[in-house]
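For reference, the chains in residue letters:
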Amino acid sequence: MSDTKIALVTGANKGIGYEIAAGLGALGYRVGVGARDEARRESAVEKLHAAGVDAFGVPLDVTGDQSVTEAAELIERQAGHLDVLVNNAGISGPPTGPGWGQDPTLLDLDVVRTVTETNVLGVIRVTNTMLPLLRRSTSPRIVNVSSSVGSLTRQADPDIEIGPVMAAYAPSKSFLNAVTVQYARQLADTDILINAACPGLVATDFNGFFGPRTPEQGAATAIRLATLPDGGPTGSFFEDDGIIPW
Ligand code: NAP
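Now for a description of the structure that goes with this document. These figures come from a predicted structure and were not determined experimentally. Throughout, residues of each chain are indexed from 1 in the direction in which the sequence is written. This being a predicted model, a pLDDT of at least 70 is required before a residue's local features are given, and a value of 80 or more before pairs of side-chain atoms are given or counted; all residues contribute to the totals for chains, interfaces and linings. In computing side-chain values, all of the structure's heavy atoms are included and hydrogens and water are not.

**Some thoughts on the pairing of strand E5 (residues 141-145)**
Inference 1: The classification of residues rests on relative accessible area computed with a 1.4 Å probe and restricted to protein chains. Under 20% of the type maximum is buried, over 50% is exposed, and intermediate values are partly exposed. Segments assigned H or I by DSSP are reported as helices when at least four residues long, segments assigned E as strands when at least two residues long, and all are numbered from the N terminus. Among the 5 residues that make up E5, 5 are buried, leaving the element largely enclosed by the rest of the structure.
Inference 2: In E5, alternate side chains face the same way, and those of Arg141, Val143 and Val145 on one face and Ile142 and Asn144 on the other are all buried.
Inference 3: In this scheme, strands are said to pair when DSSP sees at least two bridges between them. By the bridge criterion, 4 bridges tie strand E4 (residues 84-87) to E5 in an arrangement that is parallel. Within E5, the position partnered with Val84 by the bridge is Arg141.
Inference 4: By convention, orient the strands away from the viewer: a clockwise path from the first strand over the helix to the second makes the crossover right-handed. In terms of handedness, the path from E4 via helix H4 (residues 109-134) over to E5 forms a crossover that is right-handed.
Inference 5: Both E5 and strand E6 (residues 193-197) contribute to a ladder of 5 bridges, which runs parallel. Opposite Val143, over in E6, you have Asn195 as the bridge partner.

See below:
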């Protein structure tokens, strides 16, 4: 096995995912740019190459069994193993009315299904399909890009300003956090470290470029968790300032 570490970032064609790919590339990782749209994927790969990153495109829709299986086969051919998986791809789902909010009393169940399919089932699908490749790494790391809106502790605290009610999106991240803990328990006797990361409020397409943080700033915690030393934390939820309560 070559010494070059291999990373796969889902939803890496733009936003925070792109910057996670760029940041890992700058650290010397060979980065698979997971993205479902060919033109957006190739343009991200080109941009990363121009920045000196050893990147390759990985066609990947996290909601599709075949797409994810083919992505694993491509990484198998390209590298034979995987050191880092960053499950970054995510959607918020549409608001239930004007503005940002998703009112639980007005929710369309199809929105809940679609958001859960991408933000939770997609992560499980990608993780389980990539696990055989990750198990061949000497220091495998998995990062699930979550959100502090998934923190039930913060959501339930009236003194914390946490934005609008988001009844499809926020619970999808709570679900993702819960799944992350179950993976950490199951993988506790392996070298795999798996954690959830909140990027903070970042100006991206996701929120109409609202938010004080840049995608590069939003990528920092995920990059830190992707490059944890052996024996580092697992089964936790981090933002820049440290651990977020569940
Ligand atoms: P973004 O700019 O909208 O990027 C989202 C990425 O996910 C895009 O590359 C998108 O691809 C991809 N994606 C969506 N569905 C996919 C699917 N089925 N298969 C593959 N890729 C898919 O959003 P972002 O702000 O960078 O968000 C990245 C992550 O950070 C998300 O998990 C989000 O929940 C989380 N987050 C963001 C914020 C924030 O303030 N921005 C805060 C907390 C957490 P396409 O271009 O093809 O749509």
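**Looking at the site of the ligand**
Inference 1: Of all residues adjacent to the ligand, which total 29 residues, the nearest are Asn13, Asn88, Tyr169, Val202 and Thr204.
Inference 2: In the model, a nitrogen atom of the ligand is placed 3.0 Å from a nitrogen or oxygen of the Val62 main chain.
Inference 3: Here a polar contact is recorded for every N or O atom pair within 3.5 Å, except that within protein the pair must consist of a potential hydrogen donor and a potential acceptor, and residues adjacent in sequence are included only if both atoms are side-chain atoms. Within the contact set of the ligand, an oxygen atom lies 2.8 Å away from a backbone nitrogen or oxygen of Val202.
Inference 4: Surface accessibility in these figures is a Shrake-Rupley result with a 1.4 Å probe; residues are shielded only by whichever protein chains are displayed. Surface burial for the ligand is 95%, taken as the share of its 900 Å² of free accessible area covered by protein chains.
Inference 5: Looking at the shell around the ligand, the elements with two or more residues in it are helix H1 (15-26) and helix H6 (169-186).
Inference 6: Here the residues of the shell around the ligand sort into 11 nonpolar, 12 polar and 6 charged. Nearness is judged by heavy atoms alone; a residue qualifies as near a molecule or strand once a single heavy atom is within 4 Å of it. Charged residues are taken to be Asp, Glu, Lys and Arg, nonpolar residues to be Ala, Val, Leu, Ile, Met, Phe, Trp, Tyr, Cys and Pro, and polar residues to be all remaining types, Gly included.

**Quick word on the packing of helix H3 (residues 65-78) against H4**
Inference 1: With their axes 10 Å apart at the nearest point, H3 and H4 run at an angle of 25° to one another. As judged from the angle between their axes, H3 and H4 are roughly parallel. Along this stretch, H3 crosses H4, giving a crossing that reads as right-handed. Of the residues in H4, those in contact with Asp65, Val68, Thr69, Ala71, Ala72, Ile75 and Glu76 of H3 are Arg125, Val126, Thr129, Met130 and Leu133.
Inference 2: Class assignment for the residues of the contact of H3 with H4 results in 7 nonpolar, 2 polar and 3 charged. The convention used is that axes are lines fitted to C-alpha atoms, helices contributing only their stretch in contact, and that angles between N-to-C directions extend from 0 to 180 degrees. For classification purposes, an angle smaller than 35 degrees is called roughly parallel, one larger than 145 roughly antiparallel, one from 65 to 115 roughly perpendicular, and anything else oblique. Handedness of a crossing follows from how the near helix is turned relative to the far one, being left-handed for an anticlockwise turn of less than a right angle and right-handed for a clockwise one. In this description, contact between two residues means that some pair of their heavy atoms is separated by no more than 4.5 Å.

**A few points about the pattern of salt bridges**
Inference 1: Whenever Lys or Arg places a side-chain nitrogen within 4 Å of a carboxyl oxygen from Asp or Glu, that contact is recorded as a salt bridge. Counted according to the given criterion, the structure contains 10 salt bridges.
Inference 2: Taking the shortest distance from any N to any O, the salt bridge between Arg154 and Glu239 comes out at 2.7 Å. One end of the pair, Arg154, is in helix H5 (residues 152-155); the other, Glu239, is in strand E7 (residues 237-239), and 85 residues separate them in sequence.
Inference 3: The class for Arg154 is buried, based on a relative accessible area of 17%.
Inference 4: According to the relative accessible area criterion, Glu239 is buried, its value standing at 18%.
Inference 5: It is possible to trace a salt-bridge network through shared partners that takes in Asp65, Glu117 and Arg125.

**Some remarks on the sheet that holds E6**
Inference 1: One open sheet accounts for 8 strands, arranged E3-E2-E1-E4-E5-E6-E7-E8; its pairing is mixed. A strand with exactly one partner marks an edge of an open sheet, and here the two such strands are strand E3 (55-59) and strand E8 (242-243).
Inference 2: For strand E2 (residues 30-35) and E3, the ladder comprises 5 bridges, and the chain directions are parallel. Each bridged residue has a counterpart across the sheet, and for Gly32 the counterpart in E3 is Phe56.
Inference 3: In this fold helix H2 (residues 38-50) packs onto E2 and E3, with an angle of close to 170° to the strand it touches most, E3.
Inference 4: Against the sheet, H3 makes contact with strand E1 (6-10), E2 and E3, and its axis sits at roughly 150° relative to E3, the strand it touches most.

**Points about the environment of Ser148**
Inference 1: Turning to its location among the elements, Ser148 is positioned in the loop between E5 and H5.
Inference 2: For Ser148, a relative accessible area of 16% corresponds to the buried category.
Inference 3: Taking the C-alpha atoms as reference points, Ser148 and Glu239, separated by 91 residues in sequence, lie 8.1 Å from one another.

**With respect to a nonpolar patch on the surface**
Inference 1: A surface patch of nonpolar side chains, amounting to about 330 Å² of accessible area, comprises Trp100, Leu201 and Phe210.
Inference 2: With respect to the element layout, Phe210 can be found in the loop between E6 and helix H7 (215-226). Residues qualify for a patch when their relative accessible area is over 30% and they have no salt bridge, like charges being joined within 9 Å and the nonpolar side chains of Val, Leu, Ile, Met, Phe, Trp and Tyr within 5 Å.

**With respect to the packing of aromatic side chains**
Inference 1: Aromatic pairing here means that ring centres of Phe, Tyr or Trp (its six-membered ring) are within 6.5 Å. Orientation follows from the plane angle: under 30 degrees is stacked, over 60 is edge-to-face, and everything else is tilted. Enumeration according to the criterion identifies 3 aromatic pairs in this entry.
Inference 2: With a centroid separation of 6.3 Å and 40° between ring planes, the pair formed by Trp100 and Phe210 is classed as tilted. Taken together, the residues span a long stretch of sequence, with Trp100 in the loop between E4 and H4 and Phe210 in the loop between E6 and H7 at a distance of 110 residues.
Inference 3: For Phe210, a relative accessible area of 48% corresponds to the partly exposed category.
Inference 4: With a centroid separation of 5.6 Å and 15° between ring planes, the pair formed by Phe237 and Trp246 is classed as stacked.

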